[in-house]
Amino acid sequence: SGPLPSEFGRSLRRLSRMTSFDVSQNQLTGQIPSEFGNLQQLETLILFDNDFTGSLPSEICDLRTPEDEYNIFERFRAGNDGALGELWVDCEIACSPTCCIECWESDDFV
């Protein structure tokens, strides 16, 4: 619980080959680090059921392809790099509808 340490963002730069990151249900607070956008291999980012504030950094949305949801899912399933296929965030986080296709609210997707 609590905020992610300030050095966490810097640590993400060294994890450039990371494909999946899940910190769901940890009561984390503060801003979501924009450094997630440096993870060009990231396919799954799960941040729901925390107490993050603010908006989802545009750097994370830039990891999504400009294609529709079906094509993003197909690229993810096929193992193509550069397609953030799964992005789970709380609905309270401000996020572009072209980036956040679904959001987490209580125990259900919206």
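This text follows the structure it describes.
Before going into details, it helps to say that this report is about the structure given with it. Worth saying up front: this structure is predicted, and the values here are computed from it rather than measured.

About the thresholds
Residues numbered from 1 in each chain as written. Predicted model: local features only at pLDDT ≥ 70, side-chain atom pairs only at ≥ 80, totals over all residues. Heavy atoms only, no water. Pairing = 2+ DSSP bridges. Helix = DSSP H or I, 4+ residues; strand = E, 2+ residues; numbered from the N terminus. Core = buried A, V, L, I, M, F, W, Y, C linked by side-chain atoms within 4.5 Å. Buried < 20%, exposed > 50% of the residue type's maximum accessible area, 1.4 Å probe, protein only. Contact = heavy atoms within 4.5 Å. Polar contact = N/O pair within 3.5 Å; in protein donor to acceptor, adjacent residues only side chain to side chain.

## Points about the sheet that holds strand E1 (residues 2-3)
The strand order E1-E3-E5 describes an open sheet built from three strands, whose pairing is parallel. Of all strands in the sheet, those with a lone pairing partner are E1 and strand E5 (51-52), marking the two edges. Across two bridges, the pairing between strand E3 (residues 28-30) and E5 is parallel. In the sheet register, Thr 29 faces E5, and the bridge partner there is Asp 51.

## Brief notes about the nonpolar core
Ranked by size, the top nonpolar core spans 23 residues in total, and within it Phe 36, Leu 45, Leu 47, Leu 56 and Leu 87 carry the most contacts. Contributing elements (two or more residues each) for this core: helix H1 (7-12) and helix H2 (58-61). If near-sequence neighbours (up to four positions away) are discounted, Phe 36 is found in contact with Phe 8, Leu 12, Phe 21, Leu 42, Leu 45, Leu 47, Ile 60 and Leu 63.

## Topic: the side chain of Asp 90
Relative to the helices and strands, Asp 90 resides in the loop between strand E6 (86-88) and strand E7 (104-105). Here Asp 90 falls in the buried class, since its relative accessible area comes to 6%. A distance of 3.0 Å separates the side chain of Asp 90 from the backbone nitrogen of Asn 50, its partner in a polar contact.

## Things to note about unusual backbone geometry
Of note in this structure, Gln 27 is not a glycine but carries a positive phi near 55°. You can see Gln 27 is positioned in the loop between strand E2 (20-22) and E3. The phi dihedral of Asp 49 falls on the positive side, at around 60°, and the residue is not glycine. With respect to the helices, strands and loops of the structure, Asp 49 is situated in the loop between strand E4 (44-46) and E5.

Spatial relationships are all this shows, so hold off on functional conclusions.
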